[in-house]
Amino acid sequence: MSLVLPSELVVDRFLPTVRAMLATRLADRDLTQREIAAELGVTQAAVSKYVSGESGGDDRFRDDPETVATVERIADGLASGEMDGYDALADLLSLVHSLEDRGPICELHEEKMPELRGLGCDLCVRGLDPDLRAERDVLTNVRAAARTLASTPGMADVIPNVGTNVGMALPDASDETDVAAVPGRIYAMGGRIEIPANPEFGASKHVATAILAARATDPDVRGAVNVATDDALLDAARERGIDPLEFDADYEDRATHLSDRFGERGSVPRVAYHRGAFGIEPATYVFGATATDAAERVAALLEASTSSR
């Protein structure tokens, strides 16, 4: 029996095909060959072959609807700047896992190892760790939320002096190490939003504390963003049917205080704020089911508050 790993087929057959597909799509979006080479991590000569159709590849991937959709999404993201290499890699890894589940990679593997046919092989799928997948999904969500905040008009005006952060908890989170956020927080510099690093677990005590307090009342609330307290934003929330909860800024145990306030209310408000205290900057927390949900709510409230100023 010949021993062939599915990963060999990913490198030898899948990756060259997808690179050629991406090169063609990026060229269609007016990127130069030099720019395409930089995005794909290949030489300009390789890009020239990809674009001219001389690179070969496997039609099984070229004709696969899921592969085509993923390539189009990555090409759009890279061309517009809304996606970086990390995001593209995450999408491709997700695609590979999907194609290994009775998809083209699985078919190729059975061709290389006929002994696998009829066995209902599930080695690739069985090998996926659900805990690692959950962590990856949370990190991806926080990255998307941070990008949403960075592209939101007026966001720089509501970033506190201490910075903003966005976070999301794992489904079974128990402490701050189970909450992902942006290390070093998000800052406004010269009117632009700066995201200093990719999200990590345990990166923000303050946002994590708020999320964990919210989950104690409503486990479906797993995301939050902190911004500066702004009356126009609070008014916009009220106009959208949200009843902001005001809480005391001067407390010793924030987790207990927030949990008690949410418990008294019987639900988690989508907006909670305080007016500050000695040495404490006024802050507002915007909650959501996910980090992107919370970030999109911030964007919607800022848009509404700007139009009413």
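Located above this text is the structure these notes cover.
Per chain, residues are indexed from 1 in the order of the written sequence. Confidence filtering applies because this is a predicted model: local features only for residues at pLDDT of at least 70, side-chain atom pairs given and counted only at 80 or more, and all residues used for totals across whole chains, interfaces and linings. Values reported for side chains reflect all heavy atoms of the structure, with hydrogen atoms and water molecules removed beforehand.

### Some details on the environment of Leu 99
Step number 1: Put simply, DSSP H or I for four residues or longer makes a helix, DSSP E for two residues or longer makes a strand, and each gets a number counted from the N terminus. Turning to its location among the elements, Leu 99 is positioned in helix H6 (residues 85-99).
Step number 2: Whether two residues are in contact is decided by their heavy atoms, any of which lying within 4.5 Å being enough. In contact with Leu 99, other than residues within four places in its own chain, are Phe 14, Phe 61, Asp 64, Glu 66, Thr 67, Pro 104, Ile 105 and Cys 106.

### So, the packing of helix H10 (residues 205-217) against helix H12 (residues 254-265)
Step number 1: For helices, the axis comes from a line fit to the C-alpha atoms of the stretch in contact; other axes are also lines fit to C-alpha atoms, and the angle between any two N-to-C directions lies between 0 and 180 degrees. For the pair H10 and H12, the least separation of the axes is 9 Å and the interaxial angle reads 35 degrees. Between H10 and H12 the crossing geometry is right-handed. Residues His 206, Thr 209, Ala 210, Ala 213, Ala 214, Ala 216 and Thr 217 of H10 lie in contact with H12, whose contacting residues are Arg 254, Ala 255, Leu 258, Ser 259, Phe 262 and Gly 263. Each crossing gets its handedness from the near helix: less than a right angle anticlockwise from the far helix is left-handed, clockwise is right-handed.

### A look at the pairing of strand E8 (residues 271-274)
Step number 1: A 1.4 Å probe rolled over the protein chains alone gives each residue an accessible area, and that area as a share of the maximum for its type sets the label: buried under 20%, exposed over 50%, partly exposed in between. Side chains Val 271 and Tyr 273 of E8 all project onto a buried face; the interleaved residues Ala 272 and His 274 project onto the opposite face, where all are buried too.
Step number 2: Two strands qualify as a pair provided that DSSP identifies no fewer than 2 bridges between them. One ladder, built from two bridges, connects strand E7 (residues 245-246) with E8; its direction is parallel. Note on E8: the bridge partner recorded for Glu 246 is Tyr 273.
Step number 3: With strands facing away from the observer, any crossover in which the path from the first strand over the helix to the second runs clockwise is taken as right-handed. In this fold, E7 hands off to H12, which returns the chain to E8; that crossover is right-handed.

### Notes on the environment of Ser 259
Step number 1: Structurally, the position occupied by Ser 259 is in helix H12.
Step number 2: Remark: the alpha-carbon pair of Ser 259 and Asn 198, spanning 61 residues in sequence, is separated by 29 Å.
Step number 3: If sequence neighbours within four positions are ignored, Ser 259 has contacts with Ala 213, Ala 216 and Thr 217.
Step number 4: Pairs of N or O atoms within 3.5 Å make up the polar contacts considered here, provided that, within protein, one atom can donate a hydrogen while the other can accept it, and that residues adjacent in sequence are counted only when both atoms are side-chain atoms. In this structure the side chain of Ser 259 is engaged in a polar contact, spanning 2.9 Å, whose partner is the backbone oxygen of Ala 255.

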